[in-house]
Amino acid sequence: INSTGTPLSVFDLINALLKPKGLQLKNMWREAKSRLEFVDTDKMDVYVLQVMSILRQSYCSPKYLYYLVPGQKKTIRTAGGELKEETLISDIDDFNKRWEDAVNSIEFAMDMLKDPREFGAISAQYLPYVSILPVFAALQSISRELPANQRLGAQHKIRHWYWVSVFDSRYSGSVESTSARDFQDIKAWIEDDDARPALFEEFQENFGGLGLDLRKEIKKGTSVYNGIFNLLILQGARDWVTGNVPQHGDLDDHHIVPASWGNKHLKAGFVHTSLNRTPLSAYTNRKVIHNLLPNKYLPALIED
């Protein structure tokens, strides 16, 4: 909190440290902000710094962001156990380049996540996590720098990690330590097929035999709920009237069996499960189907 009582974010503190160096971080963020507006979060400015930090030192908690200040020395321990100092960001030009690289990486990551052919989060409200963006963007960045013959395998591993993270709710709590660990583990796995992270075995143990009970997924916006919604898009879900893939800004989360009927005839909450939801255009949902039961409207749509 500053002298006027205004709370300061990590971004504000880094901005204050950079001003004496001749860097106007808030101006840099204003220029980049419009490129990253797909996701509505007040942490996006910090996410850019976190991507810079992950790519440079594998960690992204607030204390590590301090070492992004140009010329700031960091004490590290060598493989031989000796302590030495290193400078992560050499000067203003180095900072500017890494900032722009991080903005580009997040923008690229968002484009992938919202693509109906890639990850299916066609609307920001159906992104399983916002907090997964920094590590996802960083992994995409290192993937793009690989030799051409290694990129397909890297993408396969990143996707494997991403969907396990979604359905295991890995990014629902405190995420900085998880981001750092996942980045290091997936990067090592990309470099060595034998270094498969333990998180996959843990996921298999938790869900391999029992699966996921989707009847319990009734809360809109959770990672599993949104992940199912994304998979519907990836599997080619289309609007039942137009035949088009529902687009961002014209997307409704439709109850297949209407909530008005389900609340009366089904056990509490069951009508809201992700098993009874599908993406439709707002017009089809509200004007064509509205509160009709499927056995009423489907025959009519099929006949038409």
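All values derive from a computational prediction rather than experimental measurement.

Colleague: I would appreciate a short explanation of helix 7 (residues 148-167) in the present structure.
Modeller: What sets the pattern is the α-helix's 3.6 residues per turn: residues three or four places apart point alike. If you check helix 7, its first and last C-alpha atoms are 30 Å apart, about what 20 residues at 1.5 Å a residue would give, namely 28 Å. Listed as buried for helix 7 are A154, Q155, K157, I158, W161, Y162, W163, V164, S165, V166 and F167. Packed against the buried residues of helix 7 are helix 5 (92-114), helix 6 (133-144), helix 8 (176-191), helix 9 (198-207) and helix 10 (223-234). Immediately downstream of helix 7, the backbone of S169 shows phi near 55°, a positive value.

Colleague: Help me understand the environment of S281 in this model?
Modeller: Relative to the assigned elements, S281 resides in the loop between strand 4 (277-280) and helix 12 (282-289). Under the relative-accessibility criterion, S281 is labelled buried at 7%. Counting along the chain gives 38 residues from S281 to G243, while the straight-line C-alpha distance between them is 10.0 Å. Among residues more than four places away in sequence, those in contact with S281 are D239, P246, D250 and D252.

Colleague: It is not clear to me how unusual backbone geometry should be interpreted in this structure. Could you clarify?
Modeller: Residues apart from glycine generally show negative phi values, whereas peptide bonds are mostly found in trans. A positive phi angle, near 75°, is found at S58, a position not held by glycine. Summarising the element assignment, S58 is placed in the loop between helix 3 (44-57) and helix 4 (62-65). One non-glycine residue with positive phi stands out, namely H290, at about 55°. Along the chain, the position of H290 falls in the loop between helix 12 and helix 13 (294-303).

Colleague: Just to check I follow, could you spell out a nonpolar patch on the surface for this structure?
Modeller: Where nonpolar side chains cluster on the molecular surface, the patch consists of V241, Y283 and V288 and spans about 260 Å² of accessible area. One can find Y283 in helix 12.

Colleague: Would you mind going over the pairing of strand 2 (residues 83-87) with me for this structure?
Modeller: Consecutive residues of a regular strand have side chains that alternate between opposite faces of the sheet. Bridge analysis of strand 1 (residues 73-77) against strand 2 gives five bridges, and the strand direction is antiparallel. Along strand 2, the bridge assignment pairs K74 with E86.

Colleague: So what exactly am I meant to see when it comes to the layout of surface pockets here?
Modeller: In this approach, a probe sized like a water molecule rolls over the atoms, and the result shows the empty space that is left. Of the voids in this model, the largest pocket is the one considered here, and its volume is about 240 Å³. Lining the largest pocket are 16 residues, with K43, V46, Y47, Q50 and E176 positioned closest to its centre. For the lining of the largest pocket, the elements supplying multiple residues, two or more each, are helix 3, helix 4 and helix 8. The greatest single-element share of the lining of the largest pocket, amounting to four residues, is contributed by helix 3. Classifying every residue of the lining of the largest pocket gives eight nonpolar, four polar and four charged. In this structure, the second largest pocket spans a volume of roughly 180 Å³. As for the second largest pocket, its lining consists of M52, L55, R56, K97, R98, D101, S141, I142, R144 and E145. At the level of secondary structure, the elements contributing two or more residues to the lining of the second largest pocket comprise helix 3, helix 5 and helix 6.

Colleague: How do you make sense of helix 8 when you look at a structure like this?
Modeller: The end-to-end C-alpha separation of helix 8 is 23 Å, in line with the 22 Å expected for 16 residues at 1.5 Å each. In this fold, the buried residues of helix 8 make contact with helix 3, helix 6, helix 7 and helix 9.

Colleague: Explain the packing of aromatic side chains here, please?
Modeller: Remark: the centre distance and the inter-plane angle together describe each pair of aromatic rings, the angle taken between the planes. Overall, the coordinates contain 13 aromatic pairs when judged by the stated rule. A connected cluster of aromatic rings, assembled from ring pairs, spans F119, F136, Y162, W163 and F167. Lying over the aromatic face of Y67, K74 brings its terminal NZ or CZ to 5.7 Å of the ring centre. The cationic tip of R144 hangs over the ring face of F108; the distance from NZ or CZ to the ring centre is 4.3 Å.

Colleague: Before we go on, may I ask you to explain the packing of helix 1 (residues 10-18) against helix 2 (residues 25-33) in this structure?
Modeller: Each pair of packed helices can be summarised by the angle the axes make with each other and by the distance between the axes. Where helix 1 meets helix 2, the axes come as close as 8 Å, and the angle between the chain directions of the two elements is 125°. Taken together, the axis directions place helix 1 and helix 2 in an arrangement best described as oblique. Listed contacts from helix 2 to F11, D12, I14, N15 and L18 of helix 1 are L25, K26 and W29. Taken together, the residues that form the contact of helix 1 with helix 2 break down as five nonpolar, one polar and two charged.

Colleague: Is there a simple way to explain the pattern of salt bridges in this structure?
Modeller: A side chain of one charge can pair with a side chain of the opposite charge when the charged atoms of the two come close. Across all of its chains, the model carries 15 salt bridges by this definition. Measuring nitrogen to oxygen at the nearest pair gives 3.7 Å for the salt bridge that ties K26 to D12. Of this pair, K26 sits in helix 2 while D12 sits in helix 1, and the two are 14 residues apart along the sequence. Since its relative accessible area comes to 37%, K26 is described here as partly exposed. Close ionic contact of D111 with K114 constitutes a salt bridge, the shortest N to O distance being 3.7 Å. Placement of both D111 and K114 in helix 5 is noted, with a separation of three residues, approximately one turn of the helix.

What counts as what
Residues numbered from 1 in each chain as written. Predicted model: local features only at pLDDT ≥ 70, side-chain atom pairs only at ≥ 80, totals over all residues. Heavy atoms only, no water. Helix = DSSP H or I, 4+ residues; strand = E, 2+ residues; numbered from the N terminus. Expected span 1.5 Å × (residues − 1). Buried < 20%, exposed > 50% of the residue type's maximum accessible area, 1.4 Å probe, protein only. Contact = heavy atoms within 4.5 Å. Patch = residues over 30% accessible without salt bridge, like charges linked within 9 Å, V, L, I, M, F, W, Y side chains within 5 Å. Areas by Shrake-Rupley, 256 points an atom, 1.4 Å probe, with all protein chains shown as cover. Salt bridge = Lys/Arg side-chain N within 4 Å of Asp/Glu carboxyl O. Pairing = 2+ DSSP bridges. 1 Å grid on protein atoms, 1.4 Å probe; cavity = no way out; pocket = protein on both sides within 12 Å on 5 of 7 lines; lining within 4 Å. Points joined across faces, edges and corners; volume = space filled by probe spheres on them. Nonpolar A, V, L, I, M, F, W, Y, C, P; charged D, E, K, R; others polar. Phe/Tyr/Trp six-rings, centres within 6.5 Å; stacked < 30°, edge-to-face > 60°. Lys NZ or Arg CZ within 6 Å of the ring centre and 35° of its normal. Axes fitted to C-alpha atoms, helices over the stretch in contact; angles between N-to-C directions. Parallel < 35°, antiparallel > 145°, perpendicular 65-115°, else oblique.

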